[in-house]
Amino acid sequence: AGALEWFDRAADEHQHGPSLFFLGHLHVAGQGRVELNEERGVELLEQAARHAGHDDAMVYLARLALQKEKPSVREAMDWLQQAVTASSASGRSFNDEAAMMLAELHLQIDNDSDRAVYMYELAGESSNNADAFASAGAIHHARKD
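Small disclaimer: the values here were computed from a predicted structure and weren't measured.

Student: Please provide a residue-by-residue account of the pattern of salt bridges, values included.
Tutor: In total, this model carries 9 salt bridges according to the counting rule given. Among the salt bridges present, the one from R9 reaches E13, with a minimum N-O distance of 3.2 Å. Separated by 4 residues within a single helix, R9 and E13 lie in helix α1 (residues 3-14), roughly one turn from each other. The class of R9 is partly exposed, set by a relative accessible area of 43%. Residue E75 pairs with K68 through a salt bridge whose shortest N-O separation is 2.8 Å. Look at E75 and you get partly exposed, because its relative accessible area is 26%. Judged by its relative accessible area of 41%, K68 falls in the partly exposed class. Beyond isolated ion pairs, a larger network of salt bridges with shared partners links D114, R143 and D145.

Right, dumping it as structure tokens:
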């Protein structure tokens, strides 16, 4: 059996999050021996997110929601919040990419600087992310906190 067959088996038989994520990406991107099939890719990514708690799949789904012909910002924000929550609870490393993206959307869409600062601070403290610290600082400076 080739590599794809092993990933398929891990995904089908065990709902293995990293395999579901990898296969989903291949389908969305049409890479390797996998034909472009965004619908199937999204199904696999949603399985990785919902059944395996795979936070990178949640971020990927958020990016796809923002890239739609009619972007779905609320859907993206929901996925990102789930990614932040899942990575916080998983014992794995915190998904600061999700927190940073969510902070930006809170600023751009909701004009909610308090929530944005909270997300930036989470990202900064969790992974010692200098960009997150600087972004939180910029908001505090702009508000003259």
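Next comes the rest of the account.
Student: Outline the packing of aromatic side chains, supporting the account with residue identities and numerical values.
Tutor: Geometry of an aromatic ring pair is reported as the spacing of the ring centres plus the angle between the planes. Scanning the model with the defined rule gives 2 aromatic pairs in all. Judged by centre distance (4.4 Å) and plane angle (35°), the ring pair of F7 and F22 falls under tilted. With a gap of 15 residues between them, F7 in helix α1 and F22 in helix α2 (residues 17-29) connect regions that are remote in the sequence. Consider the rings of F21 and Y60, whose centres lie 5.9 Å apart with planes at 85°: the pair is edge-to-face.

Student: Which residues make up the packing of α2 against helix α4 (residues 55-67), and what values go with them?
Tutor: At their nearest, the axes of α2 and α4 sit 10 Å apart, and the two run at 20° to each other. Between α2 and α4, the angle falls in the class roughly parallel. Every pair of crossing elements has a handedness; the one defined by α2 and α4 is left-handed. Between α2, through F21, H25 and V28, and α4, the contact on the second element is made entirely by D56, A57, Y60 and L64. Considered class by class, the residues forming the contact of α2 with α4 number 5 nonpolar, 1 polar and 1 charged.

Student: Please set out the side chain of H106 residue by residue, giving values where relevant.
Tutor: Relative to the elements of secondary structure, H106 occurs in helix α6 (residues 96-108). Once residues within four sequence positions are removed from consideration, H106 is found in contact with M77, N111, D112, R115, A116 and M119.

Scoring rules and cut-offs
- Residues numbered from 1 in each chain as written.
- Predicted model: local features only at pLDDT ≥ 70, side-chain atom pairs only at ≥ 80, totals over all residues.
- Heavy atoms only, no water.
- Salt bridge = Lys/Arg side-chain N within 4 Å of Asp/Glu carboxyl O.
- Helix = DSSP H or I, 4+ residues; strand = E, 2+ residues; numbered from the N terminus.
- Buried < 20%, exposed > 50% of the residue type's maximum accessible area, 1.4 Å probe, protein only.
- Phe/Tyr/Trp six-rings, centres within 6.5 Å; stacked < 30°, edge-to-face > 60°.
- Axes fitted to C-alpha atoms, helices over the stretch in contact; angles between N-to-C directions.
- Parallel < 35°, antiparallel > 145°, perpendicular 65-115°, else oblique.
- Left-handed = near helix turned anticlockwise from the far one by under 90°.
- Contact = heavy atoms within 4.5 Å.
- Nonpolar A, V, L, I, M, F, W, Y, C, P; charged D, E, K, R; others polar.

These values are about where atoms sit, not about what they do.
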